[in-house]
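# Structure at a glance
For reference, the chains in residue letters:
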Protein chains: 2
Amino acid sequence: MDDRELLKTVMGIVGRDRCLDDCAIIPFGDKVMVATTDMLHATTDFVGGMSDWEIGWMSAAVSLSDIASMAAAPKYMLFAVGLDRWEQLAGVMQGASDCCRKYGAEIIGGDIDRHGELTIVSTGLGIVEKQYLVRRTGARPGDLVCVTGTCGQAQAFLDGYSQHKAALFTPQPRVSEGQILGKAGVTAMMDVSDGIALSLHDLLDANSCGFSIESAKVPLPAGIPDPQARELALFGGGDYELIFTCPEEIHPIAGVRYTVIGKAIPDRRVLIDGRPLKKRGYQHRWG
Amino acid sequence: MDDRELLKTVMGIVGRDRCLDDCAIIPFGDKVMVATTDMLHATTDFVGGMSDWEIGWMSAAVSLSDIASMAAAPKYMLFAVGLDRWEQLAGVMQGASDCCRKYGAEIIGGDIDRHGELTIVSTGLGIVEKQYLVRRTGARPGDLVCVTGTCGQAQAFLDGYSQHKAALFTPQPRVSEGQILGKAGVTAMMDVSDGIALSLHDLLDANSCGFSIESAKVPLPAGIPDPQARELALFGGGDYELIFTCPEEIHPIAGVRYTVIGKAIPDRRVLIDGRPLKKRGYQHRWG
């Protein structure tokens, strides 16, 4: 049992369409509101050495990244904070507040709870013009497959490459990039929080085409020997990059640093250098 | 240190006005969207003997009650579920889904996390016409102080009165009542989740008047000897009733079962039978 299998249980109850995107979609006059909620907690998500401020920052960034992946502008955030030590609250909320402010969102509410371990659920609301909304579905054969920035850095830090600490401790969600990409007309998008490989498989589930990427084109985290760097870039989790597809005609898109790593193909498979790319990456394991 | 003191820390970071109501308020065209988030978890909130379905129901009801207290109609819900045993997910989500459906809300998204104990954060969004929105602030001296239903039943069950099990296990948030009260023109409202006494003190903090109630008028949970029944009604937590103030002219309000228990007074105190009512009720305790 893994996260994606468990999600099927939820799909049976709330409907498959409600589980496909990084955010839910709400009609909002002539615009669209997107909504996302994310749970983080000490055991799984907050790495030793993180300050309360960094924990708060990360908790905001996770939801801001989901909003970015729909090409929406973050507007409102709520935080439910379960604490084992109340002394952490001020630092956590200051970090969350600073991250929200940097990316244009306002903290509008929350809940405080006493809990056995620090547990933070951030809920984010964003707004986007209907015609610029981007979902996971929408890719067409022939589209380019692209990724912003460099994946694998967060996992690289966990593997001992301390130069990549910032990627994990103070992640920068691709908020302005997401909106630029939406306006440019990209066809499908999601964030890469569980690695490029799993993200491509998620896009496969949502689309009626497949994806073929070239390993030589995937950007690699700096200062790491090659087989490991490539492994991290494809399968490492904890990054906040965007993966998207776009028609060749609109490439290059000005104002966003991204790399073309492959193409959408009619064949409903995920390939790397012509061979199947494993459905492997960061997932919670369930007994 | 208690919840309300800790809240002051948050007020310093996100602003006092953001922390006063049961829900945050978002402009939504010519209407208003309200948003609330609530964390519940096994150790504190889910009583032994509750089924997964009841746990899910309760998790939805908590946020639906906050929406009701703003006189809004629940529309959208998100659930972040942290599980120690994945087998619980289906039952929890079915209970949440059934509660949402009963009260007119749709589950639009969520998150699943592996966690040391079952932890559920429900986030609710509701809609209300601007002129019908009711906040905690707005009470005026001379207004009647009223409460729906009967408080103290949830705590009564915990104290061994098994006839009150339903109040705790399958709470019924006052969703239609809240909307009727808003349209009728009540002046201030909140839900009574931490007891009547604490709620009156919360209303005191939000308003420039005080409140004076009569113990003989407070509805008592059935089948409990008197001093204990009164204690439960005033100080017991875990109920989902609404407490509100309204001008005498609009009383009685048709379509809602409620009891007048007192009046708003110019003196900024909370009184019962002319004596100060203790600021006591359900609160988390912090070291």
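Per-chain numbering applies: the sequence of each chain, read as written, is numbered from 1 onward. Throughout, the order in which chains and ligands are written sets their labels, letters from A for the former and numbers from 1 for the latter. Only residues with pLDDT of 70 or above have their local features reported here, since the model is predicted, and side-chain atom pairs are shown and tallied only from 80 upward, although totals for entire chains, interfaces and linings are computed over all residues.

## Considerations on the overall build of chain A
Worth spelling out the cut-off: Secondary structure is summarised from DSSP: a helix means a run of H or I of at least four residues, a strand means a run of E of at least two, and numbering begins at the N terminus for each. The globule rule used for comparison is 2.2 Å times the number of residues to the exponent 0.38, while the radius of gyration itself is calculated over C-alpha atoms. Labels follow a simple rule on C-beta atoms placed from the backbone: if 20 or more others lie within 10 Å of a residue's own, it is buried; if 12 or fewer, it is exposed; otherwise it is partly exposed.
Regarding its fold elements, chain A presents eight helices and 12 strands. Over its C-alpha atoms chain A spans a radius of gyration of 18 Å, differing by no more than 12% from the 19 Å that the globule rule assigns to 287 residues. By the burial criterion, 57% of the 287 residues in chain A qualify as buried.

## Things to note about the interface of chain A and chain B
Interface size is commonly expressed as the accessible area that is lost once the parts come together. The condition is simple: Two residues qualify as being in contact provided that their C-beta atoms, derived from the backbone, are within 7 Å of each other. Residues are sorted three ways: Asp, Glu, Lys and Arg are charged, Ala, Val, Leu, Ile, Met, Phe, Trp, Tyr, Cys and Pro are nonpolar, and all the rest, Gly among them, are polar.
Contacts between the two partners involve 47 residues from chain A and, on the opposite side, 47 residues from chain B. Looking at the side of chain A that touches chain B element by element, the count peaks at eight residues for strand β4 (residues 106-114) of chain A. Tallied by class, the residues present in the side of chain A that touches chain B amount to 23 nonpolar, 17 polar and seven charged.

## Describing the pairing of strand β4 (residues 106-114) of chain B
Successive side chains on a regular strand alternate, one facing one side of the sheet and the next facing the other. Residues and elements named next belong to chain B. Defined as follows: A pair of strands counts as paired when DSSP detects no fewer than two bridges linking them. Orienting the strands away from the viewer, one traces the path from the first strand over the helix to the second; a clockwise path indicates a right-handed crossover.
For β4, a buried count of eight out of nine residues is recorded, marking the element as mostly surrounded by other parts of the structure. As judged from the eight bridges shared by strand β3 (residues 73-83) and β4, these two strands associate in the parallel manner. Its bridge partner being in β4, Tyr76 is matched across the sheet by Glu106. Regarding the hand of the β-α-β motif, the stretch spanning β3, helix α4 (residues 89-102) and β4 is right-handed.

## Comments concerning the pairing of strand β6 (residues 144-148) of chain B
Residue and element names in this part refer to chain B. For β6, the tally of buried residues reaches five of five residues, placing the bulk of the element in the interior. Going residue by residue along β6, you find Leu144, Cys146 and Thr148 tucked away on one face and Val145 and Val147 tucked away on the opposite face as well. Pairing of β6 with strand β10 (residues 258-265), which is carried by five bridges, proceeds in the antiparallel orientation. Bridge assignment links Cys146 to a residue of β10, and that residue is Val260.

## Thoughts on the packing of helix α3 (residues 52-68) of chain B against α4(B)
All names here are of chain B. Rule in force here: Helix axes use the C-alpha atoms of the stretch in contact, all axes being lines fitted to C-alpha atoms, and the angles between their N-to-C directions lie in the range 0 to 180 degrees. Angle categories: roughly parallel below 35 degrees, roughly antiparallel above 145, roughly perpendicular from 65 to 115, and oblique for all the rest. Handedness of a helix crossing follows the sense of rotation of the near helix relative to the far helix, less than a right angle counterclockwise being left-handed and clockwise being right-handed.
With their axes 6 Å apart at the nearest point, α3 and α4 run at an angle of 40° to one another. Taken together, the axes of α3 and α4 lie oblique to each other. The crossing of α3 and α4 is right-handed. Residue-level inspection shows Asp52, Trp53, Glu54, Ile55, Gly56, Trp57, Ser59, Ala60, Ala61 and Leu64 of α3 in contact with α4, the latter providing Gly91, Val92, Met93, Gln94, Gly95, Ala96, Asp98, Cys99 and Cys100.

## What about the relation of the copies chain A and chain B?
Stated formally: To line up the copies, we fit them by least squares on C-alpha atoms, keeping just the residues with pLDDT of at least 70 in both.
Structural alignment of chain A on chain B gives an RMSD of 0.0 Å, achieved by rotating through 180° and translating 0.0 Å along the axis. Both copies are brought into coincidence by an operation consistent with a two-fold rotation axis. Both copies contact each other with a shared surface, as 100% of the interface residues of chain A are interface residues in chain B too.

## Some details on the nonpolar core
Note the threshold: Note on definitions: a nonpolar core is a set of buried residues drawn from Ala, Val, Leu, Ile, Met, Phe, Trp, Tyr and Cys, linked by C-beta atoms within 7 Å.
Among the nonpolar cores identified, the biggest contains 206 residues, and Val34(A), Ala35(A), Ile196(A), Val34(B), Ala35(B) and Ile196(B) are the most heavily contacted of them. In this structure, Ala35(B) is in contact with Tyr76(A), Leu78(A), Ile108(A), Gly109(A), Cys23(B), Ala24(B), Ile26(B) and Leu125(B), ignoring residues within four places of it in sequence.

## Quick notes on unusual backbone geometry
Residues and elements named next belong to chain A. Cis geometry marks the peptide bond from His251 to Pro252; its omega dihedral reads 0°. Mapping Pro252 onto the fold places it in the loop between β9 (242-246) and β10 (258-265). Even without being glycine, Ala71 reaches a positive phi, approximately 70°. Its location among the elements puts Ala71 in the loop between α2 (52-69) and β3 (73-83). At Asp273, a residue that is not glycine, the phi angle is positive and equals roughly 50°.

## Regarding the sheet that holds β10(B)
All names here are of chain B. Strand order in the open sheet formed by seven strands is β7-β9-β6-β10-β8-β11-β12, with mixed pairing between adjacent strands. In the strand order of this sheet, the two ends are held by β7 (188-191) and β12 (275-276), each with one partner. As defined by bridge partners, strand β8 (residues 210-213) adjoins strand β11 (residues 270-272) across three bridges and the pair is classed as parallel. Counterpart to Ser212 in the pairing with β11 is Leu271. The sheet contacts of helix α7 (residues 175-184) involve β6, β7 and β9 (242-246), and relative to β9 the element is tilted by about 10°.

## What to know about α2(A)
Spelled out, the test is: Expected span of a helix, by definition, is 1.5 Å for each gap between consecutive residues, and there is one gap fewer than residues.
Taking 1.5 Å as the rise per residue, α2(A) with 18 residues should run 26 Å; its terminal C-alpha atoms sit 26 Å apart, in good agreement. Positioned one or two residues after α2(A), Ala71(A) has a phi angle of 70°, which is positive.

## A short note on α7(B)
All names here are of chain B. For α7, the buried fraction is high: seven of the 10 residues fall into the buried class. Three or more residues of α7 are buried, namely Val175, Glu177, Gly178, Gln179, Leu181, Gly182 and Ala184. Looking at the buried positions of α7, the neighbouring elements they touch are α3, β3, β5 (119-129), β6, β7 and β9. One or two steps after α7, the chain reaches Gly185, where phi turns positive at roughly 100°.

## Considering the sheet that holds β9(A)
Residue and element names in this part refer to chain A. Taken in spatial order, the seven strands make up an open sheet running β7-β9-β6-β10-β8-β11-β12, and their pairing is mixed. Pairing within the sheet leaves two strands with one partner each, and these edge strands are β7 (188-191) and β12 (275-276). Running over the sheet, α2 touches β7 and β9 and is turned about 175° from β7.

## What to know about the domain arrangement of chain A
Residue and element names in this part refer to chain A. Rules: The start and end points of each domain follow an automatic or database-based domain assignment.
Split by domain assignment, chain A resolves into domain 1 (22-131) and domain 2 (135-276). Each of domain 1 and domain 2 has a C-alpha centre, and these two points are 23 Å apart. Listed by partner, the interface residues are 17 residues for domain 1 and 18 residues for domain 2. Breaking the side of domain 1 that touches domain 2 down by element, the ones donating at least two residues are α2 and β3. A per-class count over the side of domain 1 that touches domain 2 returns 12 nonpolar, two polar and three charged.

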